[in-house]
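Listed below are the residues making up each chain.
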Amino acid sequence: MKKTLIVLAFFCAALSLAGAKEKKLKNKAKQNVQNVIEKVSDFVEEVEDIEDIDIESMDAEIVSRDQIETMFSLADQLNIDLKAALENKEASMAEEFDYLIAEEKEQLDILIEKVKKSSDWTATDEAKLKKSRAEFKKLSRKYKPAK
């Protein structure tokens, strides 16, 4: 009977130790799962923050006042080149003017898109651009590329 009681006591002790160990493992597993969930939620928040950034507005904010003035200089140069092409009488220069005007027009179109998004862009700039565009349209109606 003593042996049975001792075996029963060891069995109860072993059972309680096994239960405690299992409980400890479950708690540790819960903590690990909770840590993983927290890390994933932090990562998701970081990704959402990155998605909220408007890259186009970042590019627009990088545009400075000097770049706006450069754009207007290019627009003025384009109009000057158009006038020179209209006054040109040499056939050999006609192709060079065609290439130059096309290249300047392409660069100007790209610049206008970027600078109009800038926080430095003002109503005065808009009026100046309209004036420059009106002159370009007037000159381009007269200009015939020599193809």
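What counts, and at which threshold
- Residues numbered from 1 in each chain as written.
- Predicted model: local features only at pLDDT ≥ 70, side-chain atom pairs only at ≥ 80, totals over all residues.
- Heavy atoms only, no water.
- Helix = DSSP H or I, 4+ residues; strand = E, 2+ residues; numbered from the N terminus.
- Buried < 20%, exposed > 50% of the residue type's maximum accessible area, 1.4 Å probe, protein only.
- Contact = heavy atoms within 4.5 Å.
- Areas by Shrake-Rupley, 256 points an atom, 1.4 Å probe, with all protein chains shown as cover.
- Salt bridge = Lys/Arg side-chain N within 4 Å of Asp/Glu carboxyl O.
- pLDDT = per-residue confidence, 0-100.
- Patch = residues over 30% accessible without salt bridge, like charges linked within 9 Å, V, L, I, M, F, W, Y side chains within 5 Å.

**Observations concerning the overall build of the protein**
Right, so step 1: Looking only at helices and strands, one finds 5 helices and 0 strands in the protein.
Right, so step 2: Listed by position from the N terminus, the elements making up the protein come as α-α-α-α-α.
Right, so step 3: By the burial criterion, 19% of the 147 residues in the protein qualify as buried.
Right, so step 4: A fraction of 79% describes how many contacts in the protein between residues 6 or more apart in sequence connect residues 24 or more apart.
Right, so step 5: A total accessible area of about 11,800 Å² is found for the protein, and carbon and sulfur atoms account for 60% of it.

**Notes on the pattern of salt bridges**
Right, so step 1: This model, assessed by the stated rule, comprises 6 salt bridges.
Right, so step 2: A salt bridge links K105 to D109; the shortest N-O distance between them is 2.9 Å. Of the two residues, K105 and D109 both sit in helix α4 (residues 91–116), 4 residues apart, roughly one turn of that helix.
Right, so step 3: One salt-bridge network, in which partners are shared between bridges, spans R65, E69, D125 and K128.

**Section: the confidence of the model for the protein**
Right, so step 1: Per-residue pLDDT for the protein has a mean of 77; in total, 73% of the residues score no lower than 70.
Right, so step 2: Within the protein, helix α5 (residues 123–142) carries the highest mean pLDDT (92), whereas helix α2 (residues 55–62) carries the lowest (49).

**Focus: a nonpolar patch on the surface**
Right, so step 1: A cluster of nonpolar side chains, namely M1, L5, L8, F11 and L15, defines an oily patch on the protein surface of about 600 Å² accessible area.
Right, so step 2: Summarising the element assignment, F11 is placed in helix α1 (residues 2–52).

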